[in-house]
Structures are given as structure tokens and as C-alpha cells.
There are 2 protein chains.
Amino acid sequence: MLDRHVQSEAAALTRSVAGTGWAGTPFADWFADRVEVNRCLVERVPLDELRGWRFDPGTGNLAHESGRFFAVEGLHVQSSYGPVAEWRQPIINQDEIGILGLLVREVDGRLHGLVQAKVEPGNITTVQVSPTVQATRSNYTQVHQGARTRYLDLFARPQDRVALVDVLQSEQGSWFLGKRNRNMVVQVAGEVPVGENHHWLPLHEIRRLLRIDALVNMDTRTVLSCLPFTFPPDRARPEDDGIMAGLVRSLLGEGRARSTLGEVLSWFTEAKSRHELTSRRIPLAGLAEWQRTPEEITHREDRHFSIIGVRVEATEREVVGWDQPLFYPKGRGVVAFVVKNIDGLAHLLVHARFQAGLLDRVEMGPTVQCNPDNHPKSRPRFLDEVLHAPGERILFDAVQTEEGGRFYRSENRYLLVDAGEDFPEDVPDDFCWVTAAQLTALQRHGYYVNVEARSLIACLQSLW
Amino acid sequence: MLDRHVQSEAAALTRSVAGTGWAGTPFADWFADRVEVNRCLVERVPLDELRGWRFDPGTGNLAHESGRFFAVEGLHVQSSYGPVAEWRQPIINQDEIGILGLLVREVDGRLHGLVQAKVEPGNITTVQVSPTVQATRSNYTQVHQGARTRYLDLFARPQDRVALVDVLQSEQGSWFLGKRNRNMVVQVAGEVPVGENHHWLPLHEIRRLLRIDALVNMDTRTVLSCLPFTFPPDRARPEDDGIMAGLVRSLLGEGRARSTLGEVLSWFTEAKSRHELTSRRIPLAGLAEWQRTPEEITHREDRHFSIIGVRVEATEREVVGWDQPLFYPKGRGVVAFVVKNIDGLAHLLVHARFQAGLLDRVEMGPTVQCNPDNHPKSRPRFLDEVLHAPGERILFDAVQTEEGGRFYRSENRYLLVDAGEDFPEDVPDDFCWVTAAQLTALQRHGYYVNVEARSLIACLQSLW
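The following refers to the structure shown. (Residues numbered from 1 in each chain as written. Chains lettered and ligands numbered in written order. Predicted model: local features only at pLDDT ≥ 70, side-chain atom pairs only at ≥ 80, totals over all residues. Heavy atoms only, no water.)

Attention shifts here to the overall build of chain A. Within chain A, the secondary structure is distributed over 11 helices and 26 strands. On C-alpha atoms alone, chain A measures out to a radius of gyration of 22 Å, which is about the 23 Å that the 2.2 N^0.38 rule sets for 464 residues. Over its C-alpha atoms, taken along the principal directions, chain A stretches across nearly 60 × 55 × 45 Å. Considering chain A, the positive charge centre built from 52 side chains and the negative charge centre built from 62 side chains are found 3 Å apart. (Helix = DSSP H or I, 4+ residues; strand = E, 2+ residues; numbered from the N terminus. Rg over C-alpha atoms; globule rule 2.2 N^0.38 Å. Lys, Arg positive; Asp, Glu negative; His and termini not counted. Charge placed at Lys NZ, Arg CZ, Asp CG, Glu CD.)

Between chain A and chain B, the residue contacts involve 37 residues of the former and 38 residues of the latter. Overall, the association of chain A and chain B removes approximately 3,200 Å² of surface from exposure, summing both partners, and the carbon and sulfur fraction of that is 41%. Remark: the boundary between chain A and chain B carries 10 salt bridges. R280 of chain B is paired through a salt bridge with E73 of chain A; the nearest N and O atoms lie 3.4 Å apart. If you look at where chain A meets chain B, you find 21 residue pairs in polar contact (both at pLDDT 80 or more). Only β11 (162-170), β13 (180-187), α8 (261-274) and β15 (277-282) of chain A provide two or more residues apiece to the side of chain A that touches chain B. Ranked by residue count, the leading element in the side of chain A that touches chain B is α8 of chain A, at nine residues. Of the residues in the side of chain A that touches chain B, the class split is 12 nonpolar, seven polar and 18 charged. (Contact = heavy atoms within 4.5 Å. Buried area = accessible area lost by both parts, 1.4 Å probe. Salt bridge = Lys/Arg side-chain N within 4 Å of Asp/Glu carboxyl O. Polar contact = N/O pair within 3.5 Å; in protein donor to acceptor, adjacent residues only side chain to side chain. Nonpolar A, V, L, I, M, F, W, Y, C, P; charged D, E, K, R; others polar.)

What follows is about unusual backbone geometry. Residues and elements named next belong to chain B. Positive phi values are uncommon outside glycine, yet D108 reaches one of about 50 degrees. Structurally, the position occupied by D108 is in the loop between β7 (98-107) and β8 (110-119). Backbone geometry at H304 places phi at a positive 65 degrees, although glycine is not the residue there. One can find H304 in the loop between β17 (297-299) and β18 (305-314). For H304, a relative accessible area of 30% translates into the label partly exposed. (Buried < 20%, exposed > 50% of the residue type's maximum accessible area, 1.4 Å probe, protein only.)

Right, let's get into the packing of helix α6 (residues 218-225) of chain B against helix α11 (residues 451-461) of chain B. All names here are of chain B. Where α6 meets α11, the axes come as close as 8 Å, and the angle between the chain directions of the two elements is 75 degrees. Here α6 is positioned roughly perpendicular relative to α11, judged by the angle of their axes. Packed against α6, whose contacting residues are M218, R221, T222, L224 and S225, the element α11 presents V451, R454, S455, I457, A458 and Q461 at the interface. Here the contact of α6 with α11 is composed, by residue class, of five nonpolar, four polar and two charged. (Axes fitted to C-alpha atoms, helices over the stretch in contact; angles between N-to-C directions. Parallel < 35°, antiparallel > 145°, perpendicular 65-115°, else oblique.)

All names here are of chain B. The buried fraction of helix α7 (residues 243-252) is high, at eight of 10 residues. Inspection of α7 places I243, A245, G246, L247, V248, R249, S250 and L251 among the buried residues, and these make up the whole buried set. Residues of α7 that are buried make contact with β20 (333-342), β21 (345-354), β24 (394-401), β25 (411-418), α10 (436-442) and α11. In the stretch just after α7, G253 is the one whose phi turns positive, near 75 degrees.

This paragraph deals with the environment of P46 of chain B. Residue and element names in this part refer to chain B. Structurally, P46 can be placed in the loop between β2 (40-45) and β3 (53-55). Of the residues examined, P46 reaches a relative accessible area of 9% and is grouped as buried. Remark: the alpha-carbon pair of P46 and L215, spanning 169 residues in sequence, is separated by 29 Å.

Right, let's talk about the side chain of E363 of chain A for a bit. Residues and elements named next belong to chain A. Turning to its location among the elements, E363 is positioned in strand β22 (residues 362-365). Although E363 is buried, it forms no salt bridge, and the closest oppositely charged side chain is R454 at an N-O distance of 4.7 Å. At a separation of 2.7 Å, a polar atom in the side chain of E363 contacts the side chain of S170. Residues contacting E363, with those up to four places away along its chain left out, are S170, F268, H351, A352, R353, L358, Y447, Y448, V449 and N450.

Attention now moves to the environment of T298 of chain A. Considering the arrangement of structural elements, one finds T298 of chain A in strand β17 (residues 297-299). Considering only alpha carbons, one finds T298 of chain A and R207 of chain A, 91 residues apart in sequence, at a separation of 36 Å.

Residues and elements named next belong to chain A. Relative to the helices and strands, H76 is located in strand β5 (residues 71-79). Here E86 takes part through its side chain, which lies 2.6 Å from a polar atom of the side chain of H76. With residues up to four places along the chain from it excluded, the contact list for H76 reads E86, W87, R88, T278, S279, R280 and I282.

For the rest of this paragraph, the subject is empty space enclosed by the protein. In total, this model carries six cavities of 30 Å³ or more according to the counting rule given. A volume near 330 Å³ is recorded for the largest cavity. What lines the largest cavity is a set of 24 residues, among which G446 and Y448 of chain A together with H445, G446 and Y448 of chain B lie closest to the centre. Elements with a minimum of two residues in the lining of the largest cavity: β11 and α8 of chain A together with β11 (162-170) and α8 (261-274) of chain B. Looking at side-chain class alone, the lining of the largest cavity contains 12 nonpolar, six polar and six charged residues. (1 Å grid on protein atoms, 1.4 Å probe; cavity = no way out; pocket = protein on both sides within 12 Å on 5 of 7 lines; lining within 4 Å. Points joined across faces, edges and corners; volume = space filled by probe spheres on them.)

Before going further, it helps to spend a moment on the relation of the copies chain A and chain B. Superposing chain A onto chain B requires a rotation of 180 degrees together with a translation of 0.0 Å along the rotation axis, leaving an RMSD of 0.0 Å. The transformation relating the two chain copies, once decomposed into turn and shift, fits a two-fold axis. When C-alpha distances to the rotation axis are compared across chain A, the minimum falls at L359 of chain A, with a value of 3.4 Å. In this assembly the copies share their binding face: 100% of the residues contributing to the interface of chain A also contribute to that of chain B. (Least-squares fit on C-alpha atoms with pLDDT ≥ 70 in both.)

All names here are of chain A. Applying the stated criterion to the full structure yields 36 aromatic pairs over all chains. Note on W53 and F70: the rings are 4.9 Å apart at their centroids and 50 degrees apart in plane angle, and the pair reads as tilted. Remark: F70 occurs in the loop between β4 (62-64) and β5 and W53 occurs in strand β3 (residues 53-55); sequence separation between them is 17 residues. You can call W53 buried: its relative accessible area is 7%. A relative accessible area of 4% means that F70 is categorised as buried. Pairing F382 with F423 gives two aromatic rings, centres 5.5 Å apart and planes at 40 degrees, and the pair type is tilted. A residue pair is termed long-range when its members are at least 10 positions apart, and F382 in the loop between β23 (368-370) and α9 (383-387) and F423 in the loop between β25 (411-418) and β26 (431-434) qualify at 41 residues. Residues F382 and F423 agree in their burial class; the two are buried. A connected cluster of aromatic rings, assembled from ring pairs, spans W175, F176, W290, F305, F327 and F407. (Phe/Tyr/Trp six-rings, centres within 6.5 Å; stacked < 30°, edge-to-face > 60°.)

Here is the structure:
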């Protein structure tokens, strides 16, 4: 039953960076070294044997004995939106707000970010490029008695810093109940000591790492996406009427958007008001569509995801080893923006997406966000347009993974697809054409742009 | 037991408008006529005898038989914030989003709003000045089979209109669970037929009505507050260094605020992250601190509020008569902004206020928001500064009532108090000095400014 999986992937990384211009750079050398050092053993163990975790005898909820970290509970959803009117599902409840913080500093006129090589048990490649600090409240109040998170003081102290980004943003609304994290970019003027797990890299180069599969973690992507784009000085800006030039204008907020920001907000308010979605926390034990064995919790039709247990032995974490449950999604998802030049200015086709775990039920999501395996009978809207687009219209295509501290090998194929001229400007009521700069403006506030769309914005910023 | 209360208050209104400049105006005549016509009989009936409502035998929750409108349930709150770490309370659960819509039109270069004379059973004076449209989803999908709400089409149709305001805003976080309504101001170009319950009035004059006790309802106040202020052309603008001149600059967004909007947002994110508050819906039947009799539900120490039943016979409502429960608060609350000129620009002292029913737990509230009777042992911060301020520092002082469709005679004394020079600029971490224009900018988005603070912003706009 146990699936012993040693995740040391330096060789795989070396393969994936070969030919990308990264091979042999100080960053690639540092990262390869970190992958070697931060060996991590992740083995699957039955849920019933997770040390420190227990199923509540009454509710069947799965929680840590300390009451901290997170708990897996049940959610009962009733919705007037979408093909399924009612369902029950397990959901992760994590009330506390964590910090995802990137330290930046200007060197030679360019902003550099201090990235971290960080291990998470659910990662495909174990080590990923992470923000400077990634800490739950349990981390930084030291519930699990590890070392104090490095650099955290630079984010936690309200004085003494310039916060370029400081906003609560949601995370996966299908798997988390009202989860939000504090996305921060903090600028420091002076030197800071750099530990061996940290490395300064120009922001533009951090962004370009997104072109490599599964190298940059979700937390880095969401934090980067909140920072307005500046065009990299080492690249030539496209000045024609093509889609790439339109995307640069879109990111920089140039030109006249199809809808004003006020019209976009009104469209969003209308979309939120049009449907009802009510959800109620229920015991994990009572979910008709789900079954629990000593090993795992699975959907009876083997869809959506299962909940598994892992035992982790890490070398560089705050604590030496731990057990925890993880959500293990079925199959690889597709997350895509359809983009279209309208009068020379690229617009993204945003979807007002209901998700049961989102705080206000609806956020702006990508044009397509689904796992095709979960929809055997119907095709989600625009999925075929995205998957069948000819190669020259695919502007970005890389596999990214979701939060490896909660999800086990959760992979999504992230795509930016040029709609082409035949794609209609008129779209269904739940969709709206917006510019990248409009989305970035909204990301100054929480709960407008969902985490998948934020990841795609970061991917878009990586194109130059 | 029955408290038969005929609410025909034309005489009271006539008294209150005497000497305000309103007496004898077409508006005052129209309104006095509406008060006469819209007679309404509200009598208290025991909860057990409410027609159409029932207590669920299992949970004790009080809900309408149709499943619509709203339900009274229980809420269990645990908080690391404030003096009380844990409590249980009844709470109103109303998932559906209603529309609070004001129609505006430019006449002779000035915006006019179409107000409505509207009866609600909880009102002190029965009829109040209301927005053009005030409709829950149950109203406009006609669950209670009344007439279709007039003018609603002008708000519900996404095309054909200019929405100056279109945003979901929260309502009382102590009494509502995640309640939000769609605040709308829609501008029309042409004539619209005016029914006898509606009246056009210049926006500035609608605002000035707030100086009269209990005349303008909560929905009008929140909608007005979302609309940026323009200085009325029929008033002379104060140009000295005094507090009134500072308030005009503050409303108009002139001068340099003490904190940038980014710093205010960072302060707010920090305040949200600092504490934890978790709440869970529980059965109404199991609330240790509360007791239910056939007549009402009350707090065992007779604090906070009780839940009572009323029977309504109205003449002009969508339906002729109905029964419903109402929350009946104990005593009169105090809602106040302390304001202070900082370098000639007035700032409001905003409080990051935790309330269990708010969607994201915290919104920016007034400096003081409390019912002093609920705090026999401790004085809420800044309450004494507000209540004991000398008369010349009290800039606004009127009693306003909260939503009469859910609350029975819920009165708050709304105050704007000049802090004076001795009041310190350094304030506790949960407080922040912001300008009125900064608050208005944030009100473009939902869930930043709570309903009490929004009402005070409307009061502030009424000063000229």
C-alpha cells in the first residue's frame, strides 16, 4: 500500500532548464545544489495512522490534535448556478491567515526578489522557487516548535517597511473553505543577510521561470501577479499590431479598454447577484457521495479528488518530520485565458466563477478552469476552443502545480490562447473582456481575482 | 401582551421639520400626505403565533414556511479579539442579495434623486424617505405574490443604464450572517413617470434630510454614502482653516492625506490578520445565554436584543398584510466618528472592527459603535470623549434608525465630533486616521466600510 517516493529531482530540473538560457547561471547552480541538499522523503501512510491527526469520533472531521493547522470537514452546497444543484464534499478549513511574502530590493535600477528553495510534500519535484517567507500563523507562533521563520520580522512589523503589495487573497475555492492568505511584497533599502536557501534574482527573471514546468510554486505566482508589470529593460518591446504588442499594452494599462473599470465592477456585481449559492459546514462523516477506508477518503465514482496521508522526512524544514493529510486531485486540470486583441489592445476573457468555498461565492476566474475528467458527459464552455487551438495561437503553455503543502501532485496545464479574429466579442453573461491592467488594479483588493487567474496573470507577465 | 401601536406620525414629522426650512416645501407637503395615506398598523404578536413562520422542531430555527425571506438561527463565535472570547447568539441568515437602488437624473445641471415614501414595520415613524427601489430577491421574484416592484426593471437590466454605483455592501455584522445588499445609483437621461409614492429631490436636499431624526432610512443612507460628494452650488464653501473647511477638503479629496491609500490598505490587512475569529452556525435551540418563551426570545441578562413578532397591516405595500419576526435592540446605541484637522485636512478616526456576521470578519467602522447599556463594567474606547465633548465640537447629532424591515425601533445616535487639538494623533493599532475621500474610494468596493460608518459618511455629506 505504501508508495515510497524519494523526491530528489535535480536531474529532472537540469533537463528542464537545458536550452532555456538558465543552464550554468548562478541561479541554476544554486537551485540544483538546494535540490541536492533538501532531500526529502515523502511516503504515503494510511489516514488512520497519521501521527498527530485524528478523526473526531462524533463528526468524523479530520483535524490536528493541537487544533491548529487545518481540518478536513464536510460542506453541503446548494446552488442555482451550474449543472449540479446540490452536493456534499470534503473541504479544508483553515481559519488562520498566513503570510506569503516576497522581499524586494532595487539593485542597479532593477527590482530583485529574494526567492527561497522550499520543500513541500505534495510537490512533484519536492523543491520549488518560493517567496522569501511562506508562513502560516501556526508557523510563526511556533505551534510545532520549530525554528522561527527567517525574515518573517520584516513582514510582520507594521513599521519600518514599504509594502508594495499587502492584500488578502483567496485560494482554491473548490477545496478550501474561505481560505485567504496575506500576499505581501515588501521593499527594503539596505542589505539583508542571505541564507543558503535564499537567492536574489531580478523580478523579470523570477517571472520567466514560470515557463519551466512546475518550478515556481503557487505562492510565488500569486504574489508576483499582485505587483503591477513593468516591461523588462533587457527586452525589445513589440510595437506592431499583433497579439504580443496588444498584451504589452494590456499589461501596462495603455489604450482604452472595452469596458471602464466601473462597468467591469457592475458586471461583476450583477453576476454575483444573479445566482444563489448557499453552503453549510457539515460533518465529514455524513457525506453520501464519499467513502472512507483506513487508507483514504475517495469519491464513490472516483472523481474530483481523494484525501490521502503522507509522512514527511525533511532536512531543512522548521521541524524535522511530520505527518499530514493531503488532497490528491484526479487527473490534470486545464486553466486558460482566451485573449483577443480588440482595437489593438489585448483583452482577457474573464469568467465570473462560483466556487463553494470562496468567501463571497464568486470571483473572476480564467476563461477555462476545469478537470476534463470530471465532466465525462458535458464539455465546459470554451474548453475545446482552448485545447484545439493551432500551435501559433498558443502563447503560453506550461504545467504548474498547486500548493504542495495541502495538495498532492496537483497539476494544471496553464494556457494563454489567442482567440483569433473569428472568436466573437459578444460572450455569455457570465463572461467579460477585461485588460490585464484592469485585473491588476482589482488585485489591489482581495477576493476579485481567483488564484488560478492570478497564476495566469503571472504566466502572462513571464512572456518577456 | 399585545402592544397595539398605530404609527401615524404626520404630526411628529410636522413638528420636526418646523424651523428646518422644510416646512411648506413641495417635498414636505408630499411627505406629510404620504404619512397620512400610508397608515400602517403594527401590533406585537407572540412568536408562536406568527402566521407563515415556524420553529423547526429539530433545530429551533425560526424560518418562513416558503424557505425564503430570512431565518433566525444560532451562531457560535470564538475570538481572540475583544473582551469576550466565546459566545452564542441568534443571528439573521438571509442568503439572497437585494437591490437598494436610487434613480438619479440631471435637472438644470444638478443631480436629483427619486425618493420613495416607504413603510417598514420596525420604524418609529412608519414612513421614511427610502431609495427608489428597495427589493429583496423574494420581492422581485414575487414569492409573496404582491405587485411587481415599481422601477425595478431600470436596475435589474444590465444594459440601457449608467450605473454610478453598483456594489455589494454589508449590513449589520452583529445581527446578520454575511448579509449583503446591492447598492445602486443609476442615472437616466429621460423622463420617467412618477408614482404618488415617489418624489424627485435634488441630491443635496436628500442629504440634508439626514439632519432630521429618523426621517431617512438606512438603505438611503448607505446608497448615498457610496456616491462621491460634490459641493452644493447653493452653499458658500468655507475657506478658513477650521474643521468645517477641513471636512470639505476631506470629502473632495483635496490635500495630502496622512496615509496613502496603500498604507491604509496595509493597515487594514494587518488588522485583519492580527486576530482570529471563527464562527459556526448552530441551532437556535441550543443557545445557553438565551431563553425562548411563547412571546419572544431574550438574553438571560436582558442585554443586546430580543426577538419579537409583529403583525402588519399596511395599505401601500406589495402585499396587504403579513407577520414577521423582528430583532428588538435594547436601548439606544452611539455611533460616532471622531474627526480631527491634520494640517488643515480633516481625518476620520476609523476602527478596524471585528463583527461575527461580517463576511471577512472585519470592516472599517466608526470610532465608536456600541450600545453603552451592554457594557456596564467597561467603557468602550473613545465613548467618553464623544459623549462629553463640548457642544461647539459636536458637528452632527441626530438619531437614525436601522433597517425597519428587520429591526424594531433600532435607534442610534449618530455623531460627528471634532476631536480638538489635544486629541493625540497616535492611536491604538486598530485605529487609523483616514480622509472622507479615501473612505469613499474604498466604498467603490464591497466589505471595506461597515454600514454604520457608511451612514455617518452620509451624515457628514449632509452638513452643507
